[in-house]
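Letter by letter, the chains look like this.
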Amino acid sequence: MTIHTTDRLAGKSEADLRVQLADFYHLVSYLGWTELIFNHISVRVPGETHAYLVNPFGLHYDEVTPENLIKVGIDGKKIEDSPYDANPAGFALHGVIHENRPDVGCIAHTHTTPISAITMKAFGIDHDSFYGAQLYGRVGYHGFEGITLYDDERPRMLDSLGDRHVLVLRNHGIAVCEADIPLTFFLLWTVQRAAEIQCASQGIPGPNTTLPEVIKQKCADDAQRLKESAKFADLLFDAMVRKMKRDQGRA
């Protein structure tokens, strides 16, 4: 598989990443994408070997702060002292991706209602919408083996993802991974919008308009170039953090 290893986290301090990751958790809660205390968003700590920041187990995303984020290894176990607990079993998917994909700086796992509904369908994500077309060629699929707790499933999940950036966990949810936090948020938002539109369109009688394969590929290629060259992801992430804080009276 072809992997580009430009490190977008290079030069970022752990303190800055802690603030940005806490904002990511708060945005997921603000947008209604949480699953109570479950799931993770993780980011690699640059300059350290297999060290990652992740939420303490048992806290709601609203309760995550830069200070209480814990540092874990690829096995999900704490590598620095913290009064908060880790959830090593829940880190299985994150750990295997971080260990084997040097291009990945951040991973987010969700199962919102639209996304989980799509994972129930044999046909998967539809690439005929504006948002779905941006995901063309970027989605892998992994068959449901139960709750992702066991080490023996890790290599199979990695094989299912390959060099792509979205992993549909069938009958479950999704994991998205990108080079840094803003890009991961941007990708998660794109997948969420694709799922929402797909669910809505399926409720309207009549056939959908099908896009030619060449147009889907062009859309995916253009989306990739735009977000990287024009820093769309950074602008989007920062704008949403400002809006969230304004709406919560924290601006």
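Conventions used here
- Residues numbered from 1 in each chain as written.
- Predicted model: local features only at pLDDT ≥ 70, side-chain atom pairs only at ≥ 80, totals over all residues.
- Heavy atoms only, no water.
- UniProt positions renumbered as here; feature names shortened; annotations may be inferred.
- Helix = DSSP H or I, 4+ residues; strand = E, 2+ residues; numbered from the N terminus.
- Buried < 20%, exposed > 50% of the residue type's maximum accessible area, 1.4 Å probe, protein only.
- Core = buried A, V, L, I, M, F, W, Y, C linked by side-chain atoms within 4.5 Å.
- Contact = heavy atoms within 4.5 Å.
- Pairing = 2+ DSSP bridges.
- Axes fitted to C-alpha atoms, helices over the stretch in contact; angles between N-to-C directions.

- The name an unreviewed UniProt entry assigns to the protein is Class II aldolase/adducin family protein, from the organism Pseudooceanicola sediminis.
- According to its UniProt record, the protein has this under Sequence similarities (unreviewed entry): "Belongs to the aldolase class II family."

**Comments concerning the environment of K243**
- You can see K243 is positioned in helix α8 (residues 232-247).
- With a relative accessible area of 34%, K243 lands in the partly exposed category.
- Along the primary structure K243 and L27 are separated by 216 residues, whereas in three dimensions their C-alpha atoms are 9.8 Å apart.

**Quick look at the nonpolar core**
- Of all hydrophobic cores here, the largest spans 46 residues; its most connected members are L21, F24, I41 and V191.
- The contacts of V191, once residues within four sequence positions are left out, are I115, I125, L135, V166, I174 and V176.
- Counting residues in each nonpolar core, the second largest holds twelve residues, with L93, I107, L169 and A175 among its members.

**Considerations on the sheet that holds strand β3 (residues 70-72)**
- The strand order across the open sheet built from seven strands is β3-β2-β1-β4-β7-β6-β5, with neighbouring strands paired in mixed fashion. The sheet terminates laterally at β3 and β5 (139-142), the two strands that pair on one side only. Averaged over neighbouring strand pairs, the angle between their axes works out to 20° when direction is ignored.
- With three bridges joining them, strand β2 (residues 52-54) and β3 adopt antiparallel strand pairing. Across the sheet, L53 pairs through a bridge with K71, a residue of β3.
- Its contacts with the sheet place helix α6 (residues 181-202) against β1 (41-44), β4 (106-110), β6 (166-169) and β7 (173-178), and it is angled at close to 145° to β7.

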